[in-house]
Every structure is written in C-alpha cells, then in structure tokens.
Amino acid sequence: MDFALTPEQTSFRDEVRSWLAKNLPKDWSDRMRVGSDVPRPEVYDFLRTWQRKMYDAGFMGLTWPKDYGGRGLTFMEEMIFQEQIALAKAPPVLNILAIGMAGPTIIAYGTEEQKRRYPAKMLSCEEIWCQGYSEPNSGSDLASLQTRAEKVGDHYVVNGQKVWTSIAHQADWMMLLARTDGKAEKHKGITYFLLDMHSPGVTVKPLKQITGDDEFNEVYFDNVKVPEANILGGLNNGWAVGMTTLMYERLALGFGLQVRLRIALDGLVDLAKRTKKNGAPATQDPNVRQKLAQMWIDTEVFKYTGARAVTKLLKGELPGPEASAGKMMWVEGHQRLQELAMELQGPYSQLGRGSRWAVDGGVWQYSYLRSRANSIEGGTTEIQKNIIGERVLGLPKG
C-alpha cells in the first residue's frame, strides 16, 4: 500500500484537521486525556448531536455512494479521517452498528427503495440500529437460532427472543435474523429482516452489567408484524446476508477500534507520567516502560493490519475472514492496556466512582470492567480463532 498522500488527499486531511480544530468540544478533549471513551448512557444525547454535526459537515459515510447519503470517497480518505480523529481525541460515533454493519449490508444487498430509505438516516443519527442475532439457547452457534417468522398475507409474523442486544433500548431499527423455513438445513431457511423496533409486540428489557450500566438487552417478539418489503437479500438467504454483516462488523472493529486503542494508550501514558513508583514517575520504571513500548508497537501493527484490509477494499473486494484477526488484536490489546492501568494505580485501583480518592474519578475502573465484554461482543474470541484456523489457515475442523 502506498502511504504517500496525493494533493487531493492532503487537501482532505487539512479539511478534517481544520474542522476538528473549530468544532471539537473542549470538555470532551479534557476527559479523553485521562481515560478511555466507552459511550456512557449520560452522553448518548451529546453523541447524537456530535454525529449529526459530523454528518452535516460531510464526514459521515465517506465511502458510501452519494445517492445514499455518503460522500463517494475511497477507503484511503476514511483511513485519513480516522487518523485525524485519533490525533484530536474526538468523541466516538454513537450509531456504530448502523455505520459499520447495517448500512454497508443494505448498500450491498438492498433494493433501490431500501437503499434510499435507510442509509442517510443512519449517518445523521436520526435512526439508531441494533443487531438481532444472539439468542438464549444458541450461544455462538448462530445457525441454531429459533426466532421464527411466518408468512401471513403480505407480511411476516415474528415470535421469539434475542439477547445481548447492544443499545436495543435506544434503537429504532434492528437487523433481525429469523427462521422462515423450519424444514430446511439449519444454515438455510433463515431470512434477514429490517425490523421496526417501535412495532407493537416488541419488548426490550435492559440487562444490568458489572459496570452498573444497562447497555445490553433482552428483546422479545410477540406476534410482531414485519412487511415482506423489509426482507433484505431475499427469502431464506439470511445466512449469506448475515455473514456479510459480520465481516463488515469485524472490519469496522479492526479499522475503527485501532484508532480508539491508540487514544486509550495515550491516556495510559499520561496516567503513568502522573503516577509515582518508588518516588519517581512510573514512566521511569524499566518494567513499565517495556510494557508501554510493547503496547505502542502492538497498536502500530494493528494500524498496518487495518491498512492491509483497506488495500483489499480499494481493489473492490469484500472484507473476508481475515478481518477476525483485527477483532482479536483489539480484544487482547485493550484488555492488557486496562490491566496495566489497574497495576499502575496499586491499591487505588479498588476505588471507583463515588470515592473522593478514586484516580481520575474512577473512569479507569469503569473501562477496565467494560473491557471484559470485549471477548464476547462481536463474536467470541473462540469463534474468531475457529474462523482464522479453518478459513484463513485452512486447518481441518476439529
């Protein structure tokens, strides 16, 4: 991949820098200096406004077609944009499941009516999306899902349950996988629906996490009507469409989260500079320096692995199973980073929000606990290893 910028790309980089310098909220930048940036419920409204602001400025959906609300640029501009976001420590995007998963899948498989109806409102954050894949009795075996959709006239009636549904309590729409043919093999007979979360019969029950937040949810469907026109990619073709969504998800994780990992690393280095160990800043301790240096190397490897994925996209290819490697890099890197933050704080690591003695107001304790979910969300680490082993390395199935 050629990292030298063309005059047009240099101009775009300067445009992003200038806009961020004028519009970045100062109080958010101050917060980013002391910790990670997991969106908390109290900042949802702020993040909606922030995403709308970026959309109005033309910085959302850079690679999406202009006809569907995007800017029609290449993934090179997307990479430049993400790099500037990291350098400025800008807030994350709230509607990430729509931007990273639902939108690209609709653009790839949708009818012209669907492409004109949904993507633009994803980018402007007018409509929040969630993902209806996981079920209580399916675990990581997605193909064994039991939620059913039965044809009745010109619509389908959905009954069943999803679980671990991130941000469902805020969502307007869901990417829903449901079984439409109970007699077919389990990977077949599944259909991908675009489901209105405000439909009668949809019940969302938040799940309290170890962080104290209720970011994940259970979602129940009781005779929920979905128009036939809301099928994406064809009847009983949901497995192929759903896998495309997952590939885009892991690509987004590898591509976007390396930026967030670098921001968190900068916060950790700042913490180490402010923390005394044996009477001197922790950054002068050889063991701490070695760990920080290794994390910096790992984030650079993560960045250039993402660049390889960008090269593939620039050639017009779809993201493949190798995107699972990016997801694993994020999980392992972020969890090690949070563990080192706890190590630096020593006994103070036991003090969280509400304690006057908590370091940085307890933000590190929150992000440490939240990082435990990284191994599960977006496909478990075990599933990623299976994908890499079987589909990238060509190893036999165990």
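Preceding this paragraph is the structure being described.
Now for a look at the structure at hand. Here the residue index of a chain counts from 1 through its sequence in written order. Given that the model is predicted, a residue must reach a pLDDT of at least 70 before its local features are reported, and side-chain atom pairs must reach 80 or more before they are shown or counted; all residues, however, enter totals for whole chains, interfaces and linings. For the side-chain quantities, the full set of heavy atoms in the structure was used; hydrogens and water were omitted.

1. Notes on the overall build of the chain
Note the cut-off: Helix and strand assignments follow DSSP, with helices taken as H or I runs no shorter than four residues and strands as E runs no shorter than two, numbered in order from the N terminus. Between the two quantities, the radius of gyration covers C-alpha atoms and the globule rule is 2.2 Å times the number of residues to the power 0.38. When a residue's accessible area, from a 1.4 Å probe over protein chains only, is under 20% of the maximum for its type it is buried; when over 50% it is exposed; and in between it is partly exposed. Whether two residues are in contact is decided by their heavy atoms, any of which lying within 4.5 Å being enough. Method for areas: the Shrake-Rupley scheme with a 1.4 Å probe, in which residue coverage is limited to the protein chains shown.
Across its full length, the chain holds 12 helices and 9 strands. Since a compact globule built from 398 residues should have a radius of gyration of about 21 Å, the 22 Å found for the chain is in line with a globular shape. Judged by the C-alpha coordinates and their principal axes, the chain covers about 75 × 50 × 45 Å. Taken over 398 residues, the chain has a buried fraction of 51%. Considering only contacts in the chain between residues 6 or more positions apart, those separated by 24 or more positions represent 73%. For the chain, the computed accessible surface area is about 18600 Å², with 53% contributed by carbon and sulfur atoms.

2. Details of unusual backbone geometry
The phi torsion of most residues other than glycine is negative, and most of the peptide bonds are trans. Notably, Trp 164 is not glycine yet its phi reads approximately 60°, a positive angle. Tracing the backbone shows Trp 164 in the loop between strand E3 (155–162) and strand E4 (173–179). The phi dihedral of Asp 360 is positive, around 55°, even though this residue is not glycine. Of note, Asp 360 is situated in the loop between helix H10 (323–345) and helix H11 (363–371).

3. Let's talk about the packing of aromatic side chains
The criterion, for reference: By convention, a stacked pair of Phe, Tyr or Trp rings (six-membered ring in the case of Trp) has centres within 6.5 Å and planes under 30 degrees apart, an edge-to-face pair has planes over 60 apart, and any other such pair is tilted.
Counting across every chain of the model gives 9 aromatic pairs. Note on Tyr 118 and Trp 173: the rings are 5.1 Å apart at their centroids and 80° apart in plane angle, and the pair reads as edge-to-face. Of this pair, Tyr 118 sits in the loop between helix H6 (112–117) and helix H7 (119–123) while Trp 173 sits in strand E4, and the two are 55 residues apart along the sequence. Judged by relative accessible area, which is 5%, Tyr 118 ranks as buried. One aromatic cluster is present, built from ring pairs that chain together Phe 12, Trp 19, Trp 50, Phe 59 and Phe 81.

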